[in-house]
Amino acid sequence: MIIAIDGPAASGKSTAAKQIAQHLNMLYIDTGAMYRGVALNAFEQNVAFDNLLAMGILLENIKLDFKTADGVEQIYLNGKNVTTKIRSQEITKLSSEIATIKIVRAKMVELQRTLSKNHHDVILEGRDIGTVVFPNADVKFFLVASIEERAKRRLVELVKKGVTTDFEQVKSDLLWRDKNDSMRVESPLLKAEDAVEIDTTHLTLDAQVKKMMKIIQKKTFSSR
């Protein structure tokens, strides 16, 4: 089974995907973390994003993998655990920029499909899972939420990590990312025609997951 979850930043994709993966014993693939990994790799190697030759070499040699430790998903870049490192504000912004590069997206789609082939059941979340990576996914979701609610959620996340910022800055960053994700030429953020849209603005996480689980069970049962 392949479950695809798309939507803008802080709409509830990651948290829901993790819980559903645990409920259904599926591999959770955070595609956004993969782009963050590429951004971190390029940053550490001082590779300019517009240097396509250097970027091509970097992509040929990059190794990204997911592992679960004590129930927590970890991402490894070239054998090193970078789960915390890729979440810095600097890498977050760079990842949105690097995601607009055609060769990067092509490589990530290739890796995402390879990871999925190596596991029986997978759940992926990102921006183009249901439209580009797996247009034939068994179940597709498109999550949305108001910008105010998304900014509140992201602010809470950042404060917990010890990041000093404020609501207006977080809101501004999210609006910038929304525009960047939606207007990019390569695989822009779009809702797949057959995706189920869920507005998570006023839903608790538990209610959101229950709603998604009911849809998954209904779709998988009807397909048998």
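Coordinates for the structure precede this section.
Residues numbered from 1 in each chain as written. Predicted model: local features only at pLDDT ≥ 70, side-chain atom pairs only at ≥ 80, totals over all residues. Heavy atoms only, no water.

## Things to note about helix 8 (residues 167-183)
- Given a rise of 1.5 Å per residue, 17 residues ought to cover 24 Å, and the 24 Å separating the end C-alpha atoms of helix 8 matches this to within 8%.
- Turning to helix 8, its buried residues number three or more, namely Val 170, Lys 171, Leu 174, Arg 177, Asp 178 and Asp 181. Along the axis of helix 8, the buried positions cluster into a sector of 125°, meaning they face one direction only. Residues of helix 8 that are exposed and point over 90 degrees away from its buried face: Glu 168, Lys 179 and Met 183.
- Of the surrounding elements, those touching the buried residues of helix 8 are helix 2 (31-44), helix 4 (89-98) and helix 7 (147-160).
- If you check the start of helix 8, you find a side-chain oxygen 3.2 Å away from the backbone N of Glu 168, and it comes from Asp 166. (Helix = DSSP H or I, 4+ residues; strand = E, 2+ residues; numbered from the N terminus. Expected span 1.5 Å × (residues − 1). Buried < 20%, exposed > 50% of the residue type's maximum accessible area, 1.4 Å probe, protein only. Arc of directions from axis to C-beta. Contact = heavy atoms within 4.5 Å. Polar contact = N/O pair within 3.5 Å; in protein donor to acceptor, adjacent residues only side chain to side chain.)

## Notes on the nonpolar core
- Ranked by size, the top nonpolar core spans 38 residues in total, and within it Val 38, Leu 64, Ile 98, Val 104 and Met 108 carry the most contacts.
- With seven residues, the single largest contributor to this core is helix 2.
- Dropping the residues within four chain positions of it, Val 104 is found in contact with Tyr 35, Val 38, Met 55, Leu 59 and Ile 98.
- With 18 residues, the next largest nonpolar core counts Ile 3, Ala 17, Ile 215 and Ile 216 among its residues. (Core = buried A, V, L, I, M, F, W, Y, C linked by side-chain atoms within 4.5 Å.)

## Some points on the pattern of salt bridges
- Considering all chains together, one arrives at 14 salt bridges under this definition.
- The residue Asp 30 makes a salt bridge to Arg 87 at a minimum N-O spacing of 2.8 Å. On the criterion of sequence distance, the pair formed by Asp 30 in strand 2 (residues 27-30) and Arg 87 in the loop between strand 5 (80-81) and helix 4 is long-range, its members being 57 residues apart.
- Look at Asp 30 and you get buried, because its relative accessible area is 6%.
- Overall, the relative accessible area of 30% leaves Arg 87 in the partly exposed class.
- In this structure, Arg 184 and Asp 181 form a salt bridge, with 3.3 Å as the shortest nitrogen-oxygen distance.
- Overall, Arg 184 belongs to the buried group, its relative accessible area being 8%.
- Put simply, Arg 127, Arg 177, Asp 181 and Arg 184 are held in one network by salt bridges that share partners. (Salt bridge = Lys/Arg side-chain N within 4 Å of Asp/Glu carboxyl O.)

## Here we look at unusual backbone geometry
- If you check the backbone angles, Ala 10 has positive phi at about 65° while not being a glycine.
- Structurally, Ala 10 can be placed in the loop between strand 1 (2-6) and helix 1 (13-24).

## What to know about helix 2
- Across its 14 residues, helix 2 extends 20 Å between first and last C-alpha, which sits within 8% of the 20 Å expected from 1.5 Å per residue.
- Every buried residue of helix 2 is accounted for by Thr 31, Ala 33, Met 34, Tyr 35, Arg 36, Gly 37, Val 38, Ala 39, Leu 40, Asn 41 and Ala 42.
- Where helix 2 begins, the capping side chain belongs to Asp 30, and its oxygen is found 3.1 Å from the backbone nitrogen of Gly 32.

## Quick word on the sheet that holds strand 4 (residues 72-77)
- The strand order 3-4-5 describes an open sheet built from three strands, whose pairing is antiparallel. On the outer flanks of this sheet lie strand 3 (64-69) and strand 5, each paired with one strand and no other.
- Sheet topology note: the strand 4/strand 5 ladder contains two bridges and is antiparallel. Within the sheet, the bridge partner assigned to Tyr 76 lies in strand 5 and is Asn 81. (Pairing = 2+ DSSP bridges.)

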